[in-house]
Amino acid sequence: MKRHIALIGFMGSGKSTVARIVGQRFDMTVVDIDDEIEAREGMSVADIFAKHSESYFRQVETDTLRDALRSEESVVIACGGGVVTRPENIALLNEFAIVVYLNVDVKQALARIDDVSTRPLLAKAGSNDVVFALMQSRMALYEATADVAVGTSQRTAEEVTDKLVERVREAGYDVFS
Ligand code: S3P
C-alpha cells in the first residue's frame, strides 16, 4: 500500500530540504536515506564509495530503503539521486510510496551543491558535461517512477513543498489529510 511519500530526483534537487519541510508541516517522521546509510556504516557516503565500492553502497541503499518502507506509520523519505538505478528499488518505491520527482536543471543543481567532495559521483565527473550526461541518463527513470513531478529550479523550498502537496492531493492521495 502506498502510505509513504518518497522524494526522488538528481543531486541538488532539494530532496532532503523539502522532506524536512514536509515532515514539519504534517508532523511526519523524515527518513533521509543517505543519513541512514552513514549511520549504519559509521562512515560518510564518500568514504563508503572510496573504501568499498559503488556497488557495495547500492546494496546498502536498497537494504536501507526496504527498511524505511516497512514502517507502519507514514514517513517522508528523501532518497539518494541514484535510487532509480536499481529496478528493485523502483518496484519497492512504487509499491509502498507516493513517489514525487523533484526536477532540477543542471546549472541549478550544481549551484546548490557547494561541496562536491560529499558527492563522489560529482567529484568523479570532473566537468559539467559529464554531470549533464549522468542527469540525462536518469531523467526517463525519474519520470517513469514518479506519481507526480514538481519543478524546483525557479522555486524556493517552501514553494516546492506547496506545489508538492497540491499535486499529491490532485492525484487523489490522502496522505496529508
Ligand atoms: C548519488 C546521490 C547522493 C548519494 C550518492 C550517490 C547518486 O545522494 O546517494 O552520492 O547516484 O546520484 P543525493 O541525491 O542526496 O545527493
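A. How the structure looks around the layout of surface pockets. Its volume calculated, the largest pocket comes out at about 620 Å³. Taken together, 33 residues make up the lining of the largest pocket; nearest its centre are Met11, Ser16, Asp34, Thr118 and Arg119. For the lining of the largest pocket, the elements supplying multiple residues, two or more each, are helix H1 (15-26), helix H2 (33-41), helix H3 (45-51), helix H4 (54-69) and helix H7 (120-125). The biggest single contributor to the lining of the largest pocket is H1, with four residues. A class-by-class count of the residues in the lining of the largest pocket yields 10 nonpolar, 10 polar and 13 charged.

B. Focus on the site of the ligand. Taken together, 13 residues sit near the ligand, with Lys15, Asp34, Arg58, Arg119 and Arg138 positioned nearest. A distance of 2.7 Å separates an oxygen atom of the ligand from a polar side-chain atom of Lys15. The contact in question runs from an oxygen atom of the ligand to an N or O atom on the side chain of Arg119, over 2.8 Å. The protein chains hide 96% of the 390 Å² of surface that the ligand would expose on its own. Spatially, the ligand is embedded in the largest pocket. Looking at the shell around the ligand, the elements with two or more residues in it are H4 and H7.

C. Seen up close, the packing of aromatic side chains. Under the criterion given, the structure shown has three aromatic pairs. Measuring from centroid to centroid gives 5.0 Å for Phe49 and Phe57, while their planes differ by 45°, and the two rings are tilted. Classification of Phe49 as buried rests on a relative accessible area of 16%. With relative accessibility at 3%, the residue Phe57 sits in the buried group. A centroid spacing of 5.2 Å and a plane angle of 25° characterise the contact between Tyr101 and Tyr142, whose relative ring orientation is stacked. Taken as a pair, Tyr101 in strand S4 (residues 97-103) and Tyr142 in helix H8 (residues 128-145) lie far apart in primary sequence, 41 residues in all.

Here is what the cut-offs are and how they apply
Residues numbered from 1 in each chain as written. Predicted model: local features only at pLDDT ≥ 70, side-chain atom pairs only at ≥ 80, totals over all residues. Heavy atoms only, no water. 1 Å grid on protein atoms, 1.4 Å probe; cavity = no way out; pocket = protein on both sides within 12 Å on 5 of 7 lines; lining within 4 Å. Points joined across faces, edges and corners; volume = space filled by probe spheres on them. Helix = DSSP H or I, 4+ residues; strand = E, 2+ residues; numbered from the N terminus. Nonpolar A, V, L, I, M, F, W, Y, C, P; charged D, E, K, R; others polar. Near = heavy atom within 4 Å. Polar contact = N/O pair within 3.5 Å; in protein donor to acceptor, adjacent residues only side chain to side chain. Areas by Shrake-Rupley, 256 points an atom, 1.4 Å probe, with all protein chains shown as cover. Sits in = over half its atoms within 2 Å of the grid points. Phe/Tyr/Trp six-rings, centres within 6.5 Å; stacked < 30°, edge-to-face > 60°. Buried < 20%, exposed > 50% of the residue type's maximum accessible area, 1.4 Å probe, protein only.

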